Amino acid sequence: MTSYDPMSNLCPLDYRYGREEMKSIFYEESRLQYQMNVEAALARAHARRGTISREAAEEIARVASLEHVSVARVREIEKETRHDVMAMVRAITERCGGDAGKYVHLGATSNDIVDTATALQIRDALDIIMGDVDDLLYTFAVLAKRERDTLEVGRTHAQFAIPITFGFKISGYIAEMLRHRERLLQAAPRACAGKMAGAVGTGAALGEGFFEIQRTVMADLGLTYEPAATQVVGRDRYTELVCLMATIATSLERYGTEVRNLQRSEISEVSEPFDAEKQVGSSTMAHKRNPIQSENVTGLARVVRGFVFPTFESQVLWHERDLSNSSTERFTLPHVFAILDEMFCKMNAVFSGLEVHSDRMLRNIESSKGLIMAEPVMMKLTELGFGRQDAHEIVREASMRAVAEDRQLRDVLLEADGLKGVVPEEEIVSVMDPANYIGGAAEIVDKMVSAVESCLDRRV
């Protein structure tokens, strides 16, 4: 058994995953500063109300920063108090000049500070996620526009269906991500809610100025607030947020899974970016080019969804509040945001550098020997006066024969008794051209690209 190394890391977020920009929002020092920002806003609200002097509020606000109050000092006090918020309050108090220290945390309970600081963290983290969404939308739009007319076979049940374009496929991702963007905008005010309402939410300790002080604090910090709190803001807010994060993560997994499938050797229609000079695909199989980024996103999505259950559990608290949610939320919110941000960065890298093998897409279409054009043939026969069911049976029988005899569907159709002398050969040949049967795919691409441009106010 090895001895403990204080420089070692336990969580992969410490050394492998997550961007510094996002993770720094949830670092211990950052959290302390967010909480002190709330204390400063509370002091300013009291001064505006006339509960304390303006000078006292200014002094509290001045020392409520990492320049004056260190994490080390808060930890030192917490060893005695065994209460993290009270440790912070004492650390601020001891740095205040004059009598300002008497007014730190006046009328507040711990979760007035904790939940409001968490709302500030969520707000800043959501700003990053919104940027991630916009970046991926732009990448999708560029790709969809570029591959607007690139023919590809559509697949259902993992089998060949009918023709699409690759740009059309990406347009579906755009539509989904636009919905997520709308959901984020709608959820943000509910998720970014603080409180300044005291021990059980009645605001009794704040006296007659309760409502004014709460409004002032939240306006100062740019947050909404819980209109009827208990000791905490309603945890349904966090449940909605984490479920939304998990839903978005699952969408990213869907896109990554499609890349993984299309990169399979027997399909080989797209490939993740790969540095052929230096990147290693396998420690033993030197030829390998694995879709590792997309696979990584798949695994990380499972972790994000794993935080949904404890978030639901933390919504159910005894009476006006117990402490069972506290330890859970120290894990859930930071990890969900850091991991989702990581997933977005990986997906953006994959799709911005995606290699689209249009020649292989055409070969795969050709490998169907015309079977993917069975539906347009059936529709053409109905135009020529055949009953829909009769047309379906003619094409079905021809398709089964083409498969059994490993022949082109076109050739089998030209021999079909019900079509000889009735349908000209050139009609069959024309209708079986995949480029003539993509419906409104190109127009859908144009509409989705235009939607991104309008949303981002940026030309693609």
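See the structure shown above.
This section reports on the structure supplied with the text.

Criteria and thresholds
By convention here, each chain's residues receive numbers from 1 onward along its written sequence. The predicted nature of this model means local features are confined to residues of pLDDT at least 70 and side-chain atom pairs, given and counted, to a pLDDT of 80 or more, with totals for whole chains, interfaces and linings taken over all residues. The side-chain figures draw on all heavy atoms in the structure; neither hydrogens nor water molecules are used. Counting from the N terminus, the helices are the DSSP runs of H or I reaching at least four residues and the strands are the DSSP runs of E reaching at least two. The globule rule is 2.2 Å times the number of residues to the power 0.38, and the radius of gyration it is compared with is taken over C-alpha atoms. Accessible area is worked out with a 1.4 Å probe on protein chains only. A residue is then buried under 20% of its type maximum, exposed over 50%, and partly exposed in between. Positive charges come from Lys and Arg alone, negative charges from Asp and Glu alone, with His and the N- and C-terminal ends not counted. Each charge is placed at NZ for Lys, CZ for Arg, CG for Asp and CD for Glu. A pocket, in this scheme, is an open set of points on a 1 Å grid over the protein atoms alone with protein on both sides within 12 Å along at least 5 of 7 lines, while a cavity is a set where a 1.4 Å probe fits but cannot get out; residues line either one if an atom lies within 4 Å of a point. Grid points are joined across faces, edges and corners, and a volume is the space filled by probe spheres set on the points. Classification of ring pairs uses Phe, Tyr and Trp, with its six-membered ring standing for Trp, and accepts pairs whose centres are within 6.5 Å; under 30 degrees between planes counts as stacked, over 60 as edge-to-face, and the remaining range as tilted. Throughout, disulfides are identified as pairs of cysteine sulfur atoms within 2.5 Å of each other. Put simply, buried Ala, Val, Leu, Ile, Met, Phe, Trp, Tyr and Cys residues joined by side-chain atoms within 4.5 Å make one nonpolar core. Here a residue-residue contact requires only that any non-hydrogen atoms of the pair lie within 4.5 Å. In this analysis, strands are considered paired if DSSP registers two or more bridges between them. Here, a salt bridge means any side-chain nitrogen of Lys or Arg that lies within 4 Å of a carboxyl oxygen of Asp or Glu.

### Quick look at the overall build of the protein chain
(1) Moving on: Secondary structure assignment for the protein chain yields 19 helices and 6 strands.
(2) Moving on: Here the C-alpha radius of gyration of the protein chain, 30 Å, is well above what a compact globule of 460 residues would show, namely 23 Å.
(3) Moving on: For the protein chain, the spread of C-alpha atoms along the three principal axes comes to 105 × 55 × 45 Å.
(4) Moving on: Per-residue burial over the protein chain gives 49% buried out of 460 residues.
(5) Moving on: When the 54 positive and 70 negative side-chain charges of the protein chain are each reduced to one mean point, those points stand 2 Å apart.

### Description of the layout of surface pockets
(1) Moving on: Considered as a void within the structure, the largest pocket measures approximately 1,400 Å³ in volume.
(2) Moving on: What lines the largest pocket is a set of 38 residues, and nearest its centre among them are Phe-26, Glu-28, Arg-31, Arg-330 and Pro-334.
(3) Moving on: At the level of elements, helix 1 (12-15), helix 3 (28-49), helix 5 (71-81), helix 6 (84-95), helix 7 (110-146) and helix 13 (324-352) are the ones that each hand at least two residues to the lining of the largest pocket.
(4) Moving on: Of all the elements, helix 13 adds the most residues to the lining of the largest pocket, at 9 residues.

### Section: the packing of aromatic side chains
(1) Moving on: If you walk through the whole model with that rule in mind, you get 7 aromatic pairs.
(2) Moving on: A centroid spacing of 5.4 Å and a plane angle of 85° characterise the contact between Phe-140 and Tyr-255, whose relative ring orientation is edge-to-face. Taken together, the positions of Phe-140 in helix 7 and Tyr-255 in helix 10 (residues 236-262) put the pair 115 residues apart, joining distant regions of the chain. Side by side, Phe-140 and Tyr-255 carry an identical accessibility label, which is buried.
(3) Moving on: Members of the aromatic cluster, connected to one another through ring pairs, are Phe-140, Tyr-173, Tyr-255 and Phe-351.

### A short note on the state of the cysteines
(1) Moving on: Inspection of every chain in the model, using the stated rule, returns 0 disulfides.
(2) Moving on: This cysteine, Cys-11, is not joined by any disulfide, and Cys-345 carries the nearest cysteine sulfur, 17 Å off.
(3) Moving on: Between Cys-243, a free cysteine, and Cys-192, which holds the nearest cysteine sulfur, the sulfur-to-sulfur gap is 17 Å.
(4) Moving on: For Cys-243, a relative accessible area of 25% translates into the label partly exposed.

### As for the nonpolar core
(1) Moving on: By size, the foremost hydrophobic cluster in this structure holds 111 residues, and its most contacted members are Met-196, Met-245, Leu-252, Phe-337, Met-343 and Phe-351.
(2) Moving on: Per element, the largest residue contribution to this core is 18 residues, and it comes from helix 7.
(3) Moving on: Each residue touching Leu-252, except ones within four places of it in the same chain, is listed here: Leu-136, Met-177, Val-297, Leu-340, Met-343, Phe-344 and Met-347.
(4) Moving on: Within the second largest apolar cluster, 24 residues are counted, among which are Leu-151, Ile-365, Ala-398 and Leu-419.

### As for the environment of Ala-441
(1) Moving on: With respect to the helices, strands and loops of the structure, Ala-441 is situated in helix 19 (residues 441-456).
(2) Moving on: A relative accessible area of 4% means that Ala-441 is categorised as buried.
(3) Moving on: In the structure, Ala-441 is positioned 272 residues away from Lys-169 in sequence and 8.9 Å away in space, judged by C-alpha atoms.
(4) Moving on: If near-sequence neighbours (up to four positions away) are discounted, Ala-441 is found in contact with Thr-165 and Phe-168.

### Brief notes about the pairing of strand 2 (residues 159-165)
Along a regular strand, successive side chains alternate from one face of the sheet to the other.
(1) Moving on: Relative to strand 2, strand 1 (residues 151-156) is paired through 5 bridges, and the arrangement is antiparallel. Across the sheet, residue Glu-152 finds its bridge partner in strand 2, namely Ile-164.
(2) Moving on: Count of turn residues in the strand 1/strand 2 antiparallel hairpin: 2 residues, of which His-157 carries a positive phi of about 55°.

### Here's the deal with empty space enclosed by the protein
(1) Moving on: For the structure on display, the rule yields 1 cavity of 30 Å³ or more.
(2) Moving on: Estimates place the volume of the largest cavity at around 40 Å³.
(3) Moving on: Together, Tyr-238, Val-242, Thr-311, Ser-314, Glu-329, Thr-332 and Leu-333 line the largest cavity.
(4) Moving on: Counting residues per element, the ones that place at least two in the lining of the largest cavity are helix 10 and helix 13.
(5) Moving on: Considering each element in turn, the lining of the largest cavity owes the most residues, 3 residues, to helix 13.

### Examining the pattern of salt bridges
A side chain of one charge can pair with a side chain of the opposite charge when the charged atoms of the two come close.
(1) Moving on: This model, assessed by the stated rule, comprises 40 salt bridges.
(2) Moving on: Glu-28 is the salt-bridge partner of Arg-75, the closest N and O atoms lying 2.4 Å from each other. Of the two residues, Arg-75 sits in helix 5 while Glu-28 sits in helix 3, which places them 47 residues apart along the sequence.
(3) Moving on: On the basis of relative accessibility, which here comes to 46%, the residue Arg-75 falls in the partly exposed class.
(4) Moving on: Judged by relative accessible area, which is 44%, Glu-28 ranks as partly exposed.

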